[in-house]
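The lines below spell out each chain.
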Amino acid sequence: IHLSDDLTSLRNGDTDQQLPDNPERNTRYCNVFGSEGFKSGKHIWEVEVGDHPHWTVGLAKESVDRKGETYVSPDYGIWCLLYRDGKYTNGVGETVTVKKSLQRIRVQLDYESGDVSFYDSEDMTLICTYRDTFTEKLFPYFSIGPAGDAKTSEIKICENKCSFYSKKTW
């Protein structure tokens, strides 16, 4: 994954980066965590995905295994919305029905209520909600695959409420 200089967008790169193996870095998969974690409160951010064919957006608990086998699932501490092969799914592998192709996703966390919800930012249609009990810090979670022939080569945070960790500072 390659991050923009302002740490608000990411793309799947075509070259491997030589980076130190710090504990905070995800090394097995192409994903990153937001720089700000949440242990309480309500938080909202939007991610522009455009027509990118392969992405995951959501939240991950701080203790997620960043070096080994991690599955994108609430059972492993990741609550998310995925888009692959032309279909949207939740973190338990269920297909999520949407009215139209999503361009921008709103992620909404209510820590105390244990709710993580995903909306189509265009018309605020609810896509899916997870209900859980959170006991540790949660971080925005992003993953991106190859763009292929898509016009959109990156995904980006639309509001400056969180940013990606800089690999340069780890």
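Residues numbered from 1 in each chain as written. Predicted model: local features only at pLDDT ≥ 70, side-chain atom pairs only at ≥ 80, totals over all residues. Heavy atoms only, no water.

- The chain is annotated in an unreviewed UniProt entry as B30.2/SPRY domain-containing protein of Poecilia formosa.

## Details of the overall build of the chain
Phase 1 of the analysis: Looking only at helices and strands, the chain features 0 helices and 12 strands.
Phase 2 of the analysis: Listing each helix as α and each strand as β along the chain from the N terminus yields β-β-β-β-β-β-β-β-β-β-β-β.
Phase 3 of the analysis: Of all 170 residues assigned to the chain, the portion counted as buried reaches 49%.
Phase 4 of the analysis: Here the contacts in the chain between residues at least 6 apart in sequence split such that 66% fall between residues at least 24 apart. (Helix = DSSP H or I, 4+ residues; strand = E, 2+ residues; numbered from the N terminus. Buried < 20%, exposed > 50% of the residue type's maximum accessible area, 1.4 Å probe, protein only. Contact = heavy atoms within 4.5 Å.)

## Notes on the sheet that holds strand β2 (residues 9-11)
Phase 1 of the analysis: Sheet architecture is open: 7 strands sit in the order β1-β2-β12-β4-β8-β9-β10, paired in antiparallel fashion. Unpaired on one side and paired on the other, β1 (2-3) and β10 (125-131) mark the two borders of the sheet.
Phase 2 of the analysis: Two strands pair when backbone bridges link them, and strand β8 (residues 104-110) and strand β9 (residues 115-120) are joined in this way by 6 bridges, in the antiparallel orientation. By the bridge assignment, V107 is partnered in β9 with F118. (Pairing = 2+ DSSP bridges.)

## So, the environment of E36
Phase 1 of the analysis: Relative to the elements of secondary structure, E36 occurs in the loop between β3 (31-33) and β4 (42-48).
Phase 2 of the analysis: A relative accessible area of 36% means that E36 is categorised as partly exposed.
Phase 3 of the analysis: For the pair E36 and L138, spaced 102 residues apart in sequence, the C-alpha separation works out to 8.7 Å.

## Topic: the pairing of β9
Phase 1 of the analysis: Where burial is concerned, most of β9 is hidden: 6 out of the 6 residues are buried.
Phase 2 of the analysis: For β9 and β10, the ladder comprises 6 bridges, and the chain directions are antiparallel. Among the inter-strand pairings, Y119 is bridged to a residue of β10, identified as L126.
Phase 3 of the analysis: Between β9 and β10, which pair antiparallel and follow one another directly, the connecting turn spans 4 residues, one of which, M124, has a positive phi of 60°.

## Quick notes on unusual backbone geometry
Phase 1 of the analysis: One non-glycine residue with positive phi stands out, namely D85, at about 50°.
Phase 2 of the analysis: For D85, a relative accessible area of 80% corresponds to the exposed category.
Phase 3 of the analysis: Its identity as a non-glycine residue notwithstanding, M124 has a phi of 60°, on the positive side.
Phase 4 of the analysis: Considering the arrangement of structural elements, one finds M124 in the loop between β9 and β10.

## A closer look at the side chain of T89
Phase 1 of the analysis: On the secondary structure map, T89 appears in strand β7 (residues 87-90).
Phase 2 of the analysis: In contact with T89, other than residues within four places in its own chain, are C80, L81, L82, E94, T95 and V96.

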